[in-house]
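Examining the three-dimensional arrangement
As a plain string of letters, each chain reads:
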Amino acid sequence: MNRIDSRLKFLVIALSIFFGGVFLRILYLQTNASAIALKESIGESFEYMTLEINSERGNIYDRQGYLLAGNSVSYTVSLKLQTSNTHGEFIANYLAPILNMDHEVIKKSAEIKFDEKKAVEMPLTNFATKEQIEKIEQVKKFLDQRELSSFESKTKTLENLDSVVYYPNIHRYYPNKDLASNVIGFFPFLNPSAGASYGIEQFYDEILSGHSIEHRFSLDPNVPDTIPDMPKGASVVLTIDRKVQSIVEDSIKEAVVNNKAKSGTIIISNPKTGEIMAMATYPRIDPNEYWKSSEVFTKDNRFNPAVMQPYEVGSVFKVITLAAGIDSGAIKPETVFNDTGTYDIMGVSIYNWDRGAWGPQTMIGCMQHSLNTCLSWIAEQIGVDRFYKYLDAFGLNQPTGIQLAHEEYYPISKPGDNYWTPISLPTNSFGQGIMTTPIQMITAVNALANGGKMMKPYIVKGIYFDDHAEITQPEMIGQPISAETAKTVTEMLATSLEVEASDSLMEYTRIAGKTGTGEIAKEGVGYVLSVTNASFVGWGPADDPQFVAYVWLQEPLVNIWGSEVSAPLFSEVMTEVQLYLHLPTDRQLACIYTENCPSKDSDEYHYW
Amino acid sequence: MKTSQSAYRLAPWRKQIQNILNVLIALIFIASITMIYLYCSAQMTKMKLEIQVLHDERSSLTRMIADNLTQEGQITSFFEMEKRARQAGYIPIDMYDEEVYTYLPVAGFQDESFSSLNGVSQINSIPVSIVKPEYTESLQRWLKENVSIKKSGDQ
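Residues numbered from 1 in each chain as written. Chains lettered and ligands numbered in written order. Predicted model: local features only at pLDDT ≥ 70, side-chain atom pairs only at ≥ 80, totals over all residues. Heavy atoms only, no water.

A closer look at the overall build of chain A
Of regular secondary structure, chain A possesses 22 helices and 20 strands. Out of the 608 residues in chain A, the part that is buried amounts to 52%. The contacts of chain A with a sequence gap of at least 6 include a subset with a gap of at least 24, amounting to 71%. Accessible surface, chain A: about 27700 Å² in total, of which carbon and sulfur atoms supply 53%. (Helix = DSSP H or I, 4+ residues; strand = E, 2+ residues; numbered from the N terminus. Buried < 20%, exposed > 50% of the residue type's maximum accessible area, 1.4 Å probe, protein only. Contact = heavy atoms within 4.5 Å. Areas by Shrake-Rupley, 256 points an atom, 1.4 Å probe, with all protein chains shown as cover.)

Right, here's the structure in full:
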């Protein structure tokens, strides 16, 4: 009995020592720093999986609510190499017709040697459709159900599509293809980490992309884990109307192709609010094939020249000089300038575009004949300091702040600056030696069409967040000229345009405007007349302007003159677009609001 | 007088039964604790699996909504609509011929302004998680957060 007791005691002591040891070891593992670190590192590898979670990217809509940029589901189809190695031919036979891929490519991919460290899985495509996935599933099901003979079951059991796996993913999709692509920009869905490029996509990348977090998921089923709430990115609604945009895009494309121009730009805005109703450029790309942008665009031919490409606008700039001259009191519409064909300053002669002398001209005549000499004289009458103050007031020395990425501007050289000389004043007065973007020009001209009030241009109508919406309110950013000046200049330019560029006139709406043919300075050669920027700016109806349109053709080869290529383009586009802007013609208004409906052939409706 | 004295306080078999019962009681206690633990773990696992299934469904629905919205955008894209309009026999208006269209002012008509954007604001976003934080955080963290909130509230 004693022997049994002593054995029991020994057992108890031994077990106590064992459990005591275990307890002490547990205590050690729980408190020792290196043991904790080891446990955590093991935990990182085997207990947790860290994944980056991105919320869905917000959509982009036109002003009517039509989708311009959305998200589409596609599937990445991959091959598990461990099981695909042995029957590449079999897999390729089934997958090639479903995925519309080359048989050999699939076969080679499937037969890549499995290597646990280097080659585990081989993706075939990132853009398989739901229908293709359903077909794969059907084939898999069919293969699983087939009856094999005992011989076949021994030899062909591995020949199935079990190695074919797929994962859903969301990618950016632009249903309207290249429509407004210069405004929208693109999101590189094949390489999302590169971030969005150009336009709205880049400007609002942060709010469109919503949230992105790295979350550590526990692999232990006992640890309840949830994906954090990830609200979708905000959606952006643009001010552009896709119908108007489409008309303008078709027209600019045709003009660029027919005139063999380098690029073309048309902007239409509402002068009363600063809304951009259309901003078309050509060439464009389909953002679904965004990788082509590097082939199409260069530093001389930017993605969206309307905001990214300052250039010497030429005579279009004369409207600014004229407005400054009238507003400052330096000139009046009836002021007469005697054009001798040259304007001399510091031994340098400035000539008219045709090298002609037009004799005594009123200010309207100066604009009708687009006299460089006259505008140089007007600038001199205004005075150097006042002239550049007006340019600042028109916002030509700063970006407009439109909600598009990469807006550029070219700083104006002023007295005291390195590049400014006394010759700069007269040349600047007719748009040479000074560079502006189309968006800067249309913003400045908006002031002429809106009683002197300059509105900030905007292309985003509203931003819709998960829980609230931000609607863009029109913002006045200055009043460079008085309302009276704006009215006078509009009336002068409506009159002068009838002589200067009758091709720009609209059938039943009276407009004001100005053409421009800016020579382009070539390195080592200077200004070359055969290479120009052909521009036109027009606004109407002259009585109460509701739209301003700016047209620019870069280096047209067939016809270099703004009055012959850009002016008729303006008329063509605005005639087509006017109805879609809900703007009646002058004649229609006269028919509605006056007792006499003018005949179509008369021009009485111009002055109803 | 002769007295008899027992060699044991308890009979050995009784003592053995007592020991066995003690061990059994301890085992039953441990088993009960283990059962409760296993039951809770099973409940949590079941809940987590349900959560994961719901998450999968949610993700799938989110993708489907996005895809359907884009498909709708594709079907109503400008080029598709134009193609269908032409197929249906519509022709573009000749804007130079004023006789083919008429401008009529309609009393009370409001410009499209934002009315047509109502649909945009109703874009579905990923729903808020239905699992309250209390179910996913540890007692230690709950105490820490609540105590710290109370402390800051006191101040």
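Structure's up, so let's keep going.
Quick word on the state of the cysteines
Residue and element names in this part refer to chain A. Within the structure shown, the criterion is met by one disulfide over all chains. Each sulfur of the disulfide joining cysteine 366 and cysteine 374 lies 2.0 Å from the other. Because the sign of the S-S torsion sets the handedness, a value of about 90° for the bond joining cysteine 366 and cysteine 374 places this disulfide among the right-handed ones. A single burial state applies to cysteine 366 and to cysteine 374, both of which are buried. (Disulfide = S-S within 2.5 Å.)

Looking at the packing of aromatic side chains
Residue and element names in this part refer to chain A. The final tally for this structure, using the stated rule, is 20 aromatic pairs over all chains. On the numbers, 5.4 Å between centres and 70° between planes, the contact of phenylalanine 18 with phenylalanine 19 is edge-to-face. For the pair formed by phenylalanine 18 and phenylalanine 19, the shared burial category is exposed. When the centroid spacing of 5.4 Å and the interplanar angle of 35° are considered together, the rings of phenylalanine 337 and tryptophan 377 count as tilted. Residue phenylalanine 337 is located in strand 10 (residues 336–339), and its partner tryptophan 377 is located in helix 16 (residues 372–382); the two are separated by 40 residues in the primary sequence. The burial state of phenylalanine 337 is the same as that of tryptophan 377; both residues are buried. Members of the aromatic cluster, joined through ring pairs, are Phe127, Phe186, Phe189, Tyr198, Tyr290, Trp291, Phe297 and Phe303. Positioned above the aromatic ring of tyrosine 66, the side-chain terminus of arginine 242 is 3.6 Å from the ring centre. Of note, arginine 355 hangs over the ring of tyrosine 351, and the distance from its end group to the ring centre comes to 4.2 Å. (Phe/Tyr/Trp six-rings, centres within 6.5 Å; stacked < 30°, edge-to-face > 60°. Lys NZ or Arg CZ within 6 Å of the ring centre and 35° of its normal.)

As for the nonpolar core
All names here are of chain A. Residues Ile200, Met279, Met363, Ile459 and Trp539 are the most contacted members of the largest nonpolar core, which totals 93 residues. At eight residues, the largest contribution of residues to this core is made by helix 19 (residues 438–449). Sequence-distant contacts of isoleucine 200, that is, excluding residues within four places in its chain, are made with Ile60, Val183, Ile184, Asp205, Leu208, Val236, Leu238, Gln403, Leu404, Ile459 and Val460. Counting 31 residues, the second-largest nonpolar core is a separate cluster that includes Ile252, Ala255, Met277 and Val573. (Core = buried A, V, L, I, M, F, W, Y, C linked by side-chain atoms within 4.5 Å.)

Quick word on the side chain of arginine 284 of chain A
All names here are of chain A. Within the secondary structure, arginine 284 sits in the loop between strand 9 (276–282) and helix 12 (293–296). The class for arginine 284 is buried, based on a relative accessible area of 13%. At 3.1 Å, the side chain of arginine 284 and the side chain of aspartate 178 are in polar contact. (Polar contact = N/O pair within 3.5 Å; in protein donor to acceptor, adjacent residues only side chain to side chain.)

Comments concerning the pairing of strand 9 of chain A
All names here are of chain A. When you tally the buried positions in strand 9, you get six out of seven residues, the bulk of the element. As paired elements, strand 8 (residues 263–269) and strand 9 share six bridges and run antiparallel to each other. Bridge pairing links glycine 264 to tyrosine 282 in strand 9. (Pairing = 2+ DSSP bridges.)

Examining the sheet that holds strand 8 of chain A
Residue and element names in this part refer to chain A. Taking strand neighbours across the sheet as the criterion, the five strands line up as 9-8-20-19-18 in an open arrangement whose pairing is antiparallel. Looking along the sheet, the strands with just one partner apiece sit at the ends: strand 9 and strand 18 (512–522). Between one strand and the next, the sheet's axes are offset by a mean angle of 10°, whatever the strand orientation. Strand direction decides the pairing type here: strand 18 and strand 19 (residues 526–540), joined by 11 bridges, are antiparallel. (Axes fitted to C-alpha atoms, helices over the stretch in contact; angles between N-to-C directions.)

Digging into a nonpolar patch on the surface
The grouping of Trp13, Ile17, Ile20, Leu21, Val23, Leu24, Ile25, Leu27 and Ile28 of chain B at the surface amounts to a nonpolar patch, some 900 Å² of accessible area in total. For valine 23 of chain B, the position within the fold is in helix 1 (residues 12–75). (Patch = residues over 30% accessible without salt bridge, like charges linked within 9 Å, V, L, I, M, F, W, Y side chains within 5 Å. Salt bridge = Lys/Arg side-chain N within 4 Å of Asp/Glu carboxyl O.)

Digging into the packing of helix 11 (residues 242–258) of chain A against helix 21 (residues 562–577) of chain A
A pair of packed helices is characterised by two quantities: the angle between their axes and the separation of those axes. Residues and elements named next belong to chain A. With their axes 10 Å apart at the nearest point, helix 11 and helix 21 run at an angle of 155° to one another. By the angle class used here, helix 11 and helix 21 are roughly antiparallel. Viewed along their axes, helix 11 and helix 21 form a crossing whose handedness is right-handed. Between helix 11, through Val244, Ile247, Val248, Ser251, Ile252, Glu254 and Ala255, and helix 21, the contact on the second element is made entirely by Leu569, Glu572, Val573, Glu576 and Val577. Each residue belonging to the contact of helix 11 with helix 21 can be placed in one class, and the counts come to eight nonpolar, one polar and three charged. (Parallel < 35°, antiparallel > 145°, perpendicular 65-115°, else oblique. Left-handed = near helix turned anticlockwise from the far one by under 90°. Nonpolar A, V, L, I, M, F, W, Y, C, P; charged D, E, K, R; others polar.)

Section: the pairing of strand 19 of chain A
Residue and element names in this part refer to chain A. Extensive coverage of strand 19 is indicated by the burial of 11 of its 15 residues. Between strand 18 and strand 19, which pair antiparallel and follow one another directly, the connecting turn spans three residues, one of which, glycine 524, has a positive phi of 80°. Two strands pair when backbone bridges link them, and strand 19 and strand 20 (residues 547–554) are joined in this way by eight bridges, in the antiparallel orientation. Directly across from phenylalanine 536, in strand 20, lies its bridge partner valine 551.

Things to note about the pattern of salt bridges
All names here are of chain A. In total, this model carries 19 salt bridges over all chains according to the counting rule given. Of the charged contacts, one joins lysine 292 and glutamate 289 as a salt bridge, the two residues approaching to 2.8 Å between their closest N and O atoms. Taking relative accessible area as the criterion, lysine 292 reaches 33% and is therefore assigned partly exposed. Via salt bridges that share partners, Arg57, Arg172, Glu201 and Asp205 belong to a single interconnected network.

Quick look at the packing of helix 14 (residues 318–328) of chain A against helix 17 (residues 384–393) of chain A
All names here are of chain A. Closest axis-to-axis distance for the helix 14/helix 17 pair is 10 Å, and the angle between their directions is 115°. The element helix 14 and its partner helix 17 pack so that their crossing is right-handed. Contacts from Ile320, Thr321, Ala324, Asp327 and Ser328 in helix 14 reach Arg386, Phe387, Tyr390 and Leu391 in helix 17. Per-class residue counts for the contact of helix 14 with helix 17 are five nonpolar, two polar and two charged.

Description of helix 17 of chain A
Residues and elements named next belong to chain A. Considered for burial, the residues of helix 17 that qualify are Phe387, Tyr388, Tyr390 and Leu391. Buried residues along helix 17 cover an arc of 150° about the axis, so they all sit on one side. Projecting away from the buried face of helix 17 at angles above 90 degrees are the exposed residues Asp385 and Lys389. Turning to helix 17, the residues buried within the fold contact helix 14, helix 16 and helix 18 (424–429). (Arc of directions from axis to C-beta.)

Re the confidence of the model for chain B
Residue and element names in this part refer to chain B. In the predicted model, chain B carries a mean pLDDT of 76, and 70% of its residues have values of at least 70. The lowest-confidence element of chain B is helix 3 (residues 118–121), averaging 44 in pLDDT; the highest-confidence one is helix 2 (residues 78–87), averaging 92. Within the model, the stretch residues 113–129 combines pLDDT values under 50 with 36 contacts to residues more than four positions away or in other chains. (pLDDT = per-residue confidence, 0-100.)

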